[in-house]
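Next come the chains, spelled out residue by residue.
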Amino acid sequence: QVQLVESGGGLVQPGGSLRLSCAASGIMFTINAMGWYRQAPGKQRELVATITNGDSPKYADSVKGRFTISRDYAKNTAYLQMNSLKPDDTAVYYCNAKGDYEWGRGEHWGQGTQVTVSS
């Protein structure tokens, strides 16, 4: 059983910052990549940023230069530092982990955390 627990969402004014955390726990699952996705009301879920073992982080064009994804491998935790937030960043943000079980690949999602950017 793998669990991803997100925290750090909330209400922030335009131009402000938030830091999201995603703590992964579970056994028999080796994480190869972690990422953040978001879903705004009436829109499809979209990729925000991903970080894969041994590779450079990747970002959606809309957040490049403003958001930074990082991982603490010892703590099995991923972070998303969000700066210069805009109202268009308002969405539920979901953590994602991809990896391997002994018997095959797996993918898991967190429960989501709300980010609201509004004055």
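Located above this text is the structure these notes cover.
It should be emphasised that the depicted structure is a prediction, and the values quoted were computed from it without experimental measurement.

K.L.:
Would you explain the sheet that holds strand β7 (residues 67–72) in this entry?
P.N.:
Strand pairing in a sheet is mediated by backbone hydrogen bonds. Such pairs are either parallel or antiparallel. Ordered by their spatial adjacency, four strands build an open sheet running β1-β3-β8-β7, and the pairing between neighbours is antiparallel. Sheet topology places β1 (2–7) and β7 at the edges, where each strand pairs with a single neighbour. Neighbour-to-neighbour, the strand axes of the sheet open up by a mean angle of 15 degrees, direction not taken into account. Bridging between strand β3 (residues 18–26) and strand β8 (residues 77–82) involves six bridges; their strand directions are antiparallel. Within β8, the position partnered with Leu18 by the bridge is Met82.

K.L.:
Looking at this structure, I do not really get the side chain of Arg71. What am I missing?
P.N.:
In this structure, Arg71 sits in strand β7. Of the buried charged residues, Arg71 lacks a salt bridge, with Asp72 as the closest side chain of opposite charge at 8.3 Å. Among the polar contacts listed, one links the side chain of Arg71 to the side chain of Asn53, at a separation of 2.7 Å. Look past the residues within four positions of Arg71 in its chain and what remains in contact with it is Ile31, Asn32, Ala33, Met34, Ile51, Asn53, Asn76, Thr77 and Ala78.

Definitions and limits used
Residues numbered from 1 in each chain as written. Predicted model: local features only at pLDDT ≥ 70, side-chain atom pairs only at ≥ 80, totals over all residues. Heavy atoms only, no water. Pairing = 2+ DSSP bridges. Helix = DSSP H or I, 4+ residues; strand = E, 2+ residues; numbered from the N terminus. Axes fitted to C-alpha atoms, helices over the stretch in contact; angles between N-to-C directions. Buried < 20%, exposed > 50% of the residue type's maximum accessible area, 1.4 Å probe, protein only. Lys, Arg positive; Asp, Glu negative; His and termini not counted. Salt bridge = Lys/Arg side-chain N within 4 Å of Asp/Glu carboxyl O. Polar contact = N/O pair within 3.5 Å; in protein donor to acceptor, adjacent residues only side chain to side chain. Contact = heavy atoms within 4.5 Å.

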